[in-house]
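Residues per chain are reported as follows:
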Amino acid sequence: MAADQNPILMVTAQDLREFAISVAEEVRRQIPTPVPAGGICDDDGNENDTSCNRILTARETIDLLKISLPTLWRWGKKGYLVPIQVGDGIVNQRRYRYADVMRIINKGKK
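Reading the values: the criteria
- Residues numbered from 1 in each chain as written.
- Predicted model: local features only at pLDDT ≥ 70, side-chain atom pairs only at ≥ 80, totals over all residues.
- Heavy atoms only, no water.
- Helix = DSSP H or I, 4+ residues; strand = E, 2+ residues; numbered from the N terminus.
- Buried < 20%, exposed > 50% of the residue type's maximum accessible area, 1.4 Å probe, protein only.
- Contact = heavy atoms within 4.5 Å.
- Areas by Shrake-Rupley, 256 points an atom, 1.4 Å probe, with all protein chains shown as cover.
- Polar contact = N/O pair within 3.5 Å; in protein donor to acceptor, adjacent residues only side chain to side chain.
- Patch = residues over 30% accessible without salt bridge, like charges linked within 9 Å, V, L, I, M, F, W, Y side chains within 5 Å.
- Salt bridge = Lys/Arg side-chain N within 4 Å of Asp/Glu carboxyl O.
- Pairing = 2+ DSSP bridges.
- Axes fitted to C-alpha atoms, helices over the stretch in contact; angles between N-to-C directions.

Points about the overall build of the protein chain
Looking only at helices and strands, the protein chain has 4 helices and 3 strands in total. Along its sequence from the N terminus, the protein chain presents helices and strands in the succession α-β-α-α-β-β-α. Going through the 110 residues of the protein chain one by one, you find that 25% of them count as buried. In the protein chain, the proportion of contacts linking residues at least 24 apart, taken out of those at least 6 apart, comes to 52%. Only carbon and sulfur atoms are counted for the fraction: they give 55% of the accessible area of the protein chain, which is about 8300 Å².

Examining the side chain of T71
Mapped onto the fold, T71 is located in helix α3 (residues 69–78). A polar atom in the side chain of T71 sits 3.0 Å from the side chain of S68.

Focus: a nonpolar patch on the surface
A contiguous nonpolar patch, built from L9, V11 and L16 and spanning about 340 Å² of accessible area, is present on the exposed surface. Following the sequence through the fold, L9 ends up in the segment before α1 (13–30). For L9, a relative accessible area of 72% gives the class exposed.

Quick word on the sheet that holds strand β3 (residues 92–97)
Either a parallel or an antiparallel arrangement is found when strands of a sheet pair, and the pairing is made through backbone hydrogen bonds. Strand order across the open sheet formed by 3 strands is β1-β3-β2, with antiparallel pairing between neighbours. Across the chains shown, the open sheet's two edge strands, defined by having one partner strand only, are β1 (55–57) and β2 (84–87). Averaged over neighbouring strand pairs, the angle between their axes works out to 50 degrees when direction is ignored. Sheet analysis places β1 next to β3, joined by 3 bridges and oriented antiparallel.

Digging into the pairing of β3
Here is the key point about a regular strand: its side chains alternate between the two faces of the sheet. In the sheet, β2 pairs with β3 via 4 bridges, with the strands oriented antiparallel. When the sheet's bridge partners are listed, Q85 is paired in β3 with R94.

What follows is the structure, encoded as structure tokens:
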């Protein structure tokens, strides 16, 4: 085949599906495991405690704070709970620091 020719690749829908699943699994392996509700942080969500250096999904954050998704987005816009953008630029996801979530929870208890 000459250097100026482009090969034609045939890819099935099943091939694309398997590729997407493998990419998603690789991304999941690279994201730290979130701390479950009632985790190991001290009452202030002290970041010096290494267990607090975890991140949570939007769903886990909503469940811990007992708020709605629109409220979570609004808090992000206002800077009250700033999300971390995780992704490769093509697929981005919002994650939240466990320590930040614990500070909000404990602020409401005082």
